[in-house]
Protein chains: 2
Amino acid sequence: MKDKQPKPGRIIPVPENFLSPADISRRRALKALLAGSAAAVSGAAFSGDESGGKLGVPPWSKSLGKPVGANPYGLPSEFERHVIRRESPGLTTSPHSSVVFTPLQNLFGIITPNGLHFERDHGGRPDIDPSQHRLMINGLVRQPKIYTMDDLLRFPSVSRIHFIECGANTAMEWANVSVPTVQYTHGMLSCAEWTGVMLSTLLDDCGFDRKRAKYILAEGADAPSLTRTVPIEMALDDVMVAYGQNGEMLRPENGYPLRLLVPGVQGVSSVKWLRRIEVGDQPWNTREESLHYSDLMPDGMSRQYTWIQECKSVITSPSGGQKLLDKGYYQITGLAWSGRGRIKRVDVSTDGGRNWRTAELQDPILPKALTRFRIDWHWNGEPALLQSRAVDETGYVQPKMRQLREVRGTRSIYHNNAIQTWKVDPSGDVHNVQV
Amino acid sequence: MKDKQPKPGRIIPVPENFLSPADISRRRALKALLAGSAAAVSGAAFSGDESGGKLGVPPWSKSLGKPVGANPYGLPSEFERHVIRRESPGLTTSPHSSVVFTPLQNLFGIITPNGLHFERDHGGRPDIDPSQHRLMINGLVRQPKIYTMDDLLRFPSVSRIHFIECGANTAMEWANVSVPTVQYTHGMLSCAEWTGVMLSTLLDDCGFDRKRAKYILAEGADAPSLTRTVPIEMALDDVMVAYGQNGEMLRPENGYPLRLLVPGVQGVSSVKWLRRIEVGDQPWNTREESLHYSDLMPDGMSRQYTWIQECKSVITSPSGGQKLLDKGYYQITGLAWSGRGRIKRVDVSTDGGRNWRTAELQDPILPKALTRFRIDWHWNGEPALLQSRAVDETGYVQPKMRQLREVRGTRSIYHNNAIQTWKVDPSGDVHNVQV
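Note that the structure is a prediction, hence the values are computed from the model and not measured.

Colleague: Please explain the overall build of chain A as it appears in this structure.
Modeller: A tally of regular secondary structure across chain A gives 7 helices and 24 strands. Evaluated residue by residue, chain A yields a buried proportion of 64% over its 435 residues. Put simply, 71% of the contacts in chain A that link residues at least 6 apart link residues at least 24 apart. If you sum the accessible surface of chain A, you get close to 15500 Å²; carbon and sulfur atoms cover 53% of it.

Printed below as a string of structure tokens:
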């Protein structure tokens, strides 16, 4: 498989210096015979020859490497420098109100490494001194309070693995604008182990008014003071005031030192750089929940407060921009998730939805977390249309694009959870198509 | 709590510019009254004042932040620059055959971020070009083969969350040498989501000799060609040839582009920079499994091939080098793990083992993975001895140091899984002690 973007080290030529001429001719002769693409070698040529012998010893086996701890905080290999977050060219007009997408085509498993978590800011990324940062809780509470980071770190904590998906993920597809890769179609999606204090613990600490409280407002400390309303039932259920991300403190672009985490809900509600929670009795109708993040329907009316990210899935490999180099075996793999709980099943089609087979789900299958699915496929060299369709534990089935459009029209921006199709050409090239 | 190492931003003074003089005096008056340490404020002074008003607005709320995607590959905040891997001063004589420890005292949850995974090398960290890297499988196989990285990436893959612990973790305590922090006592321990091909899949692909195969040898491509023997039952069970670590390709110090992963077994067996697997009918007795990584017993004989990392736990907070700033509520938290499967229970004592209470275990509880435990504690200001004791699903109970010494003497280096004690002084200072 080949990603068309700059990607050194993924397509690997036969290294002539590693094999003797005899081995090379043997390798070439055997290559066509083998089901797999590994080179078969004569046992006699290799066994017991720990130094590499006549096969040539690569330089890193002949001299000491870098000292241990050369990087007190480690970084990826230079050979992986193509695996980065990317902006979609032309998508936004301001670099401060923009997004960089997670390279899902390069990732394995369900955890997104912190360096590759997608970033969506509304006024740039603030650089907050945690010793100066405060969280205030006010409104319908018996005792408004201001917490320092040290205060918050002393509260009882929890850790949970959850995805965050921007409400506008896969937005381009509404209007038949097919961006080329899964990084751009679905890359406003990441998953991490978050640690923090349950919001219910802090609301209790301030003695919130159980009778009158219906909503909370979360407010960020960034320049736009981004605000979002969250219903109190949700706030008291699994919403977290988070400071940890995959074991360490939040990354700056993910809200350092403090963010809200509203599991299963569009990312904008998980307010970053969280500085205030207000308890109230009605929704606030702020800018980012009226002018934006509402769904324009075919009749000209807008749906508002459509929080949940419904059940969705996407094949990450093979996916748009990649190339199948040979016929034969491939493992089709991808991600499934639901804002309503656990993934129950993922079906995969290679013929555009006429036939489906059930994929294998990787344990652990966690609520409101990414779930990795995999299924075997033998590509015969013919054109193929790859699709995945997820079902969550409520029984909800991921819809086709056509089904979504029947209800929502074509002017929506948010909440596109339709089935994604990747077309494989006889050349092996994989493209984003709509069927 | 305070970590004595350089640690800006953890102990937070009251920022006078954030509160009005009236608020400050109110805060000080209320501070003594509150169970928690949060500042209580007048609701009237704050509610509805989204801009910060008279309280002062921090600079990051008044101007645009950094452009989105300022780091295509993200990094921690500058305020977290103290959270790094560290060498234990004087522990090793060569920087190429040394170790840097994971800062467990700073981490949350069970996932170790890739930048902080502990590193133990025997000849430095090689910098391998993946397009030039090969894995050979030879020995008792029908068809020896050489795999490129592309070959391996096409095989069926799996992802699993497992810990890796060096066999020498907590070694200093054998001889009553109490290093000061949990980073140095237990920091050769990390946990990640690993992705790769099951070794059994590759052995099948080469047609290994099911009758004669009793062991495999794994060999690294680093300068010392580090080699380890693994029994075939283990190799066919859950051993993985891994290329992925927390979603991305392995980090260079963790074997990029390929390593063995032998879950539950001392880290040295999870050979990094893996270049060869040989199938054989007896153990190899190589340098790193005879001269080293064997256990010198009181009678002068050595135990060899003691693979499994037995059930173990440690409190990471409060832990050595930290300081409790006030009496009152603390959450005691730590990690438990077992090379034999899942953690079943963790008990915590605050009086040196006379009384035990059962801690809460954080889901998911995965086999051969770290498990986070937590328990509430009210510190009354008296001296305290904090201990944790883990039990795994086999019923094995983590032993006391005295019990271990009765069997193993004092000349061991490896496989110390004894209960760890942290002493809290009336000053709040926390120390490593042996009881």
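From this point, the discussion proceeds with the structure in view.
Colleague: What is the right way to read the sheet that holds strand E17 (residues 328-337) of chain B from this model?
Modeller: Consider a sheet: its strands pair through backbone hydrogen bonds, and that pairing is either parallel or antiparallel. All names here are of chain B. The strand order across the open sheet formed by 4 strands is E16-E17-E21-E20, and the pairing between neighbours is antiparallel. The sheet is open, and its two borders are formed by strand E16 (312-317) and strand E20 (360-361), each paired with just one other strand. Pairing analysis gives 9 bridges linking E17 to strand E21 (residues 371-379), with the strands arranged antiparallel. Counted as the bridge partner of Leu-335 is Arg-372 from E21.

Colleague: Looking at this structure, how should I read the interface of chain A and chain B?
Modeller: Across the contact, 126 residues belong to chain A and 126 residues belong to chain B. Interface area, chain A with chain B, both sides summed: about 11000 Å², of which 57% is carbon and sulfur. The largest contributions to the chain A side of the interface with chain B come from Trp-60, Val-68 and Arg-154 of chain A, which together make up 9% of the buried area. Between the two partners, chain A and chain B, sit 2 salt bridges. One salt bridge in this structure joins Arg-154 of chain B and Asp-326 of chain A, with 3.5 Å as the shortest N-O distance. At the boundary of chain A and chain B, one finds 44 residue pairs in polar contact (both at pLDDT 80 or more). Residue contributions to the side of chain A that touches chain B peak at 5 residues, all from helix H3 (residues 149-154) of chain A. Broken down by class, the residue content of the side of chain A that touches chain B amounts to 57 nonpolar, 38 polar and 31 charged.

Colleague: Is there a simple way to think about the relation of the copies chain A and chain B in this case?
Modeller: The operation relating the pair of chain copies consists of a rotation about an axis and a translation along that axis. By a simple turn and slide, chain A fits onto chain B: the slide is 0.0 Å along the axis, the RMSD is 0.0 Å, and the turn is 180°. In short, the pair behaves as if placed about a two-fold rotation axis. Comparing contact sets, 100% of the residues at the interface of chain A also lie at the interface in chain B, consistent with an isologous, same-surface contact.

Colleague: Whenever I open this one, the packing of aromatic side chains confuses me. Can you help?
Modeller: One pair of aromatic rings is described through two measures. These are the centre distance and the angle between the planes. What the rule picks out here adds up to 11 aromatic pairs over all chains. One cation-aromatic arrangement involves Arg-154 of chain A over Tyr-330 of chain B; the distance from NZ or CZ to the ring centre is 4.0 Å.

Colleague: Would you take a moment to explain helix H7 (residues 401-408) of chain A for this structure?
Modeller: Residue and element names in this part refer to chain A. Restricting attention to buried positions, one finds in H7 the residues Met-401, Leu-404 and Arg-408. Buried residues in H7, looked at end-on, bunch into an arc of 65°, giving them a common side. Among the exposed residues of H7, those pointing more than 90 degrees away from its buried face are Glu-406 and Val-407. Where H7 is buried, its residues meet strand E14 (295-296) and strand E15 (302-303).

Colleague: How should the pattern of salt bridges be read in this particular structure?
Modeller: Think of it this way: side chains of opposite charge can pair up when their charged atoms draw near. All chains considered together, the criterion is met by 46 salt bridges over all chains. For Asp-121 of chain A, the salt bridge goes to Lys-272 of chain A, with nearest N and O atoms at 2.8 Å. In this pair, Asp-121 of chain A sits in the loop between strand E3 (119-120) and strand E4 (134-139) while Lys-272 of chain A sits in the loop between strand E12 (259-261) and strand E13 (274-280), placing the two residues 151 residues apart along the sequence. Across the pair, Lys-272 of chain A and Asp-121 of chain A agree in class, each one buried. When the shortest N-O distance is used, the salt bridge between Arg-345 of chain B and Asp-347 of chain B registers 2.8 Å. A cluster of three or more residues bridged by salt bridges with shared partners is formed by Arg-85, Glu-119, Arg-125 and Glu-253 of chain A.

Colleague: Mind showing me how you'd approach the sheet that holds strand E23 (residues 421-424) of chain A here?
Modeller: Residues and elements named next belong to chain A. Ordered in space as E19-E18-E22-E23-E24, the 5 strands form an open sheet in which the pairing is antiparallel. If you trace the sheet from one side to the other, it starts and ends with strand E19 (357-358) and strand E24 (430-433), each paired once. For strand E22 (residues 384-392) and E23, the ladder comprises 4 bridges, and the chain directions are antiparallel. Following the sheet pairing, Ala-384 is matched in E23 by Val-424.

Colleague: It is not clear to me how unusual backbone geometry should be interpreted in this structure. Could you clarify?
Modeller: Trans peptide bonds make up the majority, and among non-glycine residues the majority have a negative phi. The omega torsion of the bond from Ser-317 of chain A to Pro-318 of chain A falls at 0°, within 30 degrees of zero and hence cis. Positionally, Pro-318 of chain A belongs in the loop between strand E16 (312-317) and strand E17 (328-337). Note that the residue after Tyr-256 of chain B, namely Pro-257 of chain B, is joined by a cis bond; omega there is 5°. Mapped onto the fold, Pro-257 of chain B is located in the loop between strand E11 (248-249) and strand E12 (259-261). In the Ramachandran plot, His-415 of chain A falls in the positive-phi region, its phi being about 60° despite a non-glycine side chain. Note on placement: His-415 of chain A falls in the loop between H7 and E23. One non-glycine residue with positive phi stands out, namely Trp-273 of chain B, at about 50°. Position of Trp-273 of chain B among the secondary structure elements: in the loop between E12 and strand E13 (274-280). The buried category is assigned to Trp-273 of chain B, whose relative accessible area is 1%.

Colleague: Help me out: how do you make sense of the environment of Ser-131 of chain A in this one?
Modeller: All names here are of chain A. Following the sequence through the fold, Ser-131 ends up in the loop between E3 and E4. Note: C-alpha distance between Ser-131 and Thr-148 (17 residues apart in sequence) is 7.5 Å. One polar contact links Ser-131 to Gln-132, side chain to side chain, over a distance of 3.5 Å.

Colleague: Sorry, what's going on with the pairing of E13 of chain B here?
Modeller: Looking along a regular strand, one sees side chains alternate from face to face of the sheet. Residues and elements named next belong to chain B. The buried fraction of E13 amounts to 7 of the 7 residues, a majority that puts the element mostly inside the structure. One ladder, built from 4 bridges, connects strand E4 (residues 135-139) with E13; its direction is parallel. From the neighbouring strand, Ile-137 faces E13, where its bridge partner is Ile-277. Inspection of the sheet shows strand E8 (residues 215-220) paired to E13 by 6 bridges, in the antiparallel sense. Across the sheet, Ile-216 pairs through a bridge with Val-279, a residue of E13.

Colleague: When you look at the pairing of strand E6 (residues 158-165) of chain B in this model, what are you seeing that I'm missing?
Modeller: Residue and element names in this part refer to chain B. Across the 8 residues that make up E6, a large majority, 7, are buried. Relative to strand E7 (residues 189-198), E6 is paired through 8 bridges, and the arrangement is antiparallel. Considered in E7, the bridge of Ile-161 is made with Glu-193.

Colleague: Just checking my understanding: could you explain the side chain of Arg-259 of chain B for this structure?
Modeller: Residue and element names in this part refer to chain B. In this structure, Arg-259 sits in strand E12. Despite being buried, Arg-259 has no salt bridge partner; Asp-121 is the closest side chain of opposite charge, sitting 8.4 Å away. Here the side chain of Arg-259 touches Asn-254 through a polar contact of 3.2 Å, side chain to side chain.

Colleague: What is the right way to read the environment of Arg-374 of chain A from this model?
Modeller: For Arg-374 of chain A, the location among the structural elements is in strand E21 (residues 371-379). Filtering out sequence-adjacent residues up to four positions away, Arg-374 of chain A remains in contact with Gln-331, Ile-332, Thr-333, Ala-359, Glu-360 and Gln-362 of chain A together with Ser-157, Val-158, Ser-159 and Thr-195 of chain B. Side chain to side chain, Arg-374 of chain A and Gln-362 of chain A meet in a polar contact 2.5 Å long.

Colleague: Where do I start with the confidence of the model for chain A in this structure?
Modeller: Any region with low pLDDT has predicted coordinates that should not be read closely. In this model, chain A carries an average pLDDT of 89, and 87% of its residues clear a pLDDT of 70 or more. Under a pLDDT of 50 for its full length, residues 1-37 of chain A has, in the predicted model, 75 contacts with residues more than four places off or in other chains.

Colleague: Sorry if this is basic, but what is going on with the environment of Lys-66 of chain A here?
Modeller: Within the secondary structure, Lys-66 of chain A is located in the loop between helix H2 (43-46) and strand E2 (99-100). Under the relative-accessibility criterion, Lys-66 of chain A is labelled partly exposed at 41%. Excluding its chain neighbours within four sequence positions, the residues that come into contact with Lys-66 of chain A are His-96, Gly-124, Arg-125 and Asp-127 of chain B.

Calculation notes
- Residues numbered from 1 in each chain as written.
- Chains lettered and ligands numbered in written order.
- Predicted model: local features only at pLDDT ≥ 70, side-chain atom pairs only at ≥ 80, totals over all residues.
- Heavy atoms only, no water.
- Helix = DSSP H or I, 4+ residues; strand = E, 2+ residues; numbered from the N terminus.
- Buried < 20%, exposed > 50% of the residue type's maximum accessible area, 1.4 Å probe, protein only.
- Contact = heavy atoms within 4.5 Å.
- Areas by Shrake-Rupley, 256 points an atom, 1.4 Å probe, with all protein chains shown as cover.
- Pairing = 2+ DSSP bridges.
- Buried area = accessible area lost by both parts, 1.4 Å probe.
- Salt bridge = Lys/Arg side-chain N within 4 Å of Asp/Glu carboxyl O.
- Polar contact = N/O pair within 3.5 Å; in protein donor to acceptor, adjacent residues only side chain to side chain.
- Nonpolar A, V, L, I, M, F, W, Y, C, P; charged D, E, K, R; others polar.
- Least-squares fit on C-alpha atoms with pLDDT ≥ 70 in both.
- Phe/Tyr/Trp six-rings, centres within 6.5 Å; stacked < 30°, edge-to-face > 60°.
- Lys NZ or Arg CZ within 6 Å of the ring centre and 35° of its normal.
- Arc of directions from axis to C-beta.
- Lys, Arg positive; Asp, Glu negative; His and termini not counted.
- pLDDT = per-residue confidence, 0-100.

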